[in-house]
Amino acid sequence: MDLMKSRVARAWRTWRQPPTLAVPYRSVDTEDSTRRFLLYGVMPLWFAPAVADWIMHRRTRIEDTTGVRESAVHALMMAEAGVPIAMGLLARINPLVLTVMSGAALAHAATALWDVSLASDKRELRPVEQHIHSFLEVLPLTALAFLCTLHADQVRATLRGGRSPGDWQLLPKENPLSARYLTGLGLGISACVVLPYAEEMTRCVRAARGHGRR
């Protein structure tokens with residue numbers, strides 16, 4: 001066990017040393033096209049509905065209705081999406097990562113249902129907001145489907161119980177994504193997801209304190 005932990009720790013210490021993964025922009029190869037759509041299509045698509053949903057929450061004054069409770073559910077859903085995204089971007093795709101991603105996708109879908117049931121009785125859920133939710137619910141499943149297409153061998157290994165030594169270890173990618181891509185994506189997530197929903201939680205907490213003083 002100690003030897004296994006040492007191997008994993010050593011792998012992460014040197015994770016930026018191998019050549020970065022090349023994603024050719026003009027390649028028509030199926031694998032390149034699938035990876036390009038996943039990295040530059042599906043991932044950025046998360047930003048627009050996330051901001052749109054935050055705007056709808058502001059318009060329906062979430063701080064005066066469901067408040068901190070619903071905002072906390074939103075934070076939970078971001079964690080359910082964020083953890084598998086981080087693993088997919090940084091870690092080697094293996095049965096461990098695919099299992100975590102699958103469990104997170106199911107948890108995200110269940111939490112989304114809880115979120116709507118929580119809000120429907122106390123806050124106006126406009127048709128536009130419900131349509132935005134449909135995008136937010138399907139994007140994690142879409143990303144998982146494309147990832148499974150790229151790593152069909154690891155899907156088979158997962159279904160067989162993951163019998164290889166590294167199947168249940170969190171290892172860095174053999175060819176990591178470029179620092180430029182990871183930085184750009186991180187800035188996009190911070191600007192379009194983290195900051196808006198942090199503002200929402202702050203607004204809800206302030207409103208709750210104000211209501212408590214009345």
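Figured I'd write up the structure that's included with this text. (Residues numbered from 1 in each chain as written. Predicted model: local features only at pLDDT ≥ 70, side-chain atom pairs only at ≥ 80, totals over all residues. Heavy atoms only, no water.)

Overview of the environment of Arg 123
For clarity, the cut-off: To qualify as a helix, a DSSP run of H or I must reach at least 4 residues; to qualify as a strand, a run of E must reach at least 2; elements of each kind are numbered from the N terminus. Relative accessibility thresholds used throughout: buried, under 20% of the residue-type maximum; exposed, over 50%; partly exposed, between the two (1.4 Å probe, protein chains only). In this description, contact between two residues means that some pair of their heavy atoms is separated by no more than 4.5 Å.
Mapped onto the secondary structure, Arg 123 falls in the loop between α5 (95-120) and α6 (127-150). Judged by its relative accessible area of 3%, Arg 123 falls in the buried class. Along the sequence, Arg 123 and Ile 62 sit 61 residues apart, while their C-alpha atoms lie 7.0 Å from each other. Contacts of Arg 123, omitting those with residues within four sequence positions, involve Met 56, His 57, Thr 60, Ile 62, Thr 65, Thr 66, Glu 70 and Glu 129.

Concerning unusual backbone geometry
Positive phi, close to 50 degrees, is recorded for Arg 61, a residue that is not glycine. Topologically, Arg 61 is positioned in the loop between α3 (47-59) and α4 (67-90).

Here's the deal with the state of the cysteines
This is how the line gets drawn: The disulfide criterion used throughout: a pair of cysteine sulfur atoms within 2.5 Å.
This model, assessed by the stated rule, comprises 0 disulfides. The structure places no disulfide on Cys 192, whose sulfur is separated from the nearest cysteine sulfur, that of Cys 204, by 20 Å.

Points about the nonpolar core
Applicable threshold: For the purposes of this section, nonpolar cores are sets of buried Ala, Val, Leu, Ile, Met, Phe, Trp, Tyr and Cys residues that join through side-chain atoms within 4.5 Å.
One finds Trp 46, Leu 89, Tyr 181 and Leu 185 to be the most contacted residues of the largest nonpolar core, which totals 31 residues. Secondary-structure elements contributing two or more residues to this core are α2 (30-45), α3, α4, α5, α6 and α8 (179-213). Among the elements that take part in this core, α6 stands out by supplying 6 residues, more than any other. Residues contacting Tyr 181, with those up to four places away along its chain left out, are Leu 39, Tyr 40, Met 43 and Leu 89.

As for the packing of α5 against α6
Heads up, the condition is: Only the stretch in contact is used when a helix axis is fitted, and all axes are lines through C-alpha atoms; the angle between N-to-C directions ranges over 0 to 180 degrees. Here the word oblique covers every angle except those under 35 degrees (roughly parallel), over 145 (roughly antiparallel) and from 65 to 115 (roughly perpendicular). Residues are grouped as follows: Ala, Val, Leu, Ile, Met, Phe, Trp, Tyr, Cys and Pro are nonpolar; Asp, Glu, Lys and Arg are charged; all remaining types, including Gly, are polar.
Close contact between α5 and α6 brings their axes to 10 Å; oriented N to C, the two are set at 170 degrees. Overall, the two elements α5 and α6 adopt an arrangement that is roughly antiparallel. Seen from α5, the contacting residues are Leu 98, Met 101, Ser 102, Ala 105, His 108, Ala 112, Asp 115 and Val 116; seen from α6, they are His 133, Leu 136, Glu 137, Pro 140, Leu 141, Leu 144, Leu 147 and Cys 148. Taken together, the residues that form the contact of α5 with α6 break down as 11 nonpolar, 3 polar and 2 charged.

Some points on the pattern of salt bridges
Side chains carrying opposite charge are able to pair once their charged atoms draw close together. Basically, it comes down to this: Here, a salt bridge means any side-chain nitrogen of Lys or Arg that lies within 4 Å of a carboxyl oxygen of Asp or Glu.
Tallied over the entire structure, the rule returns 10 salt bridges. We note a salt bridge from Glu 129 to Arg 123, for which the minimum N-O separation is 3.0 Å.

Digging into the side chain of Thr 34
Turning to its location among the elements, Thr 34 is positioned in helix α2. Here Thr 34 falls in the buried class, since its relative accessible area comes to 13%. Other than its neighbours up to four places away in sequence, Thr 34 contacts Phe 146 and Leu 150.

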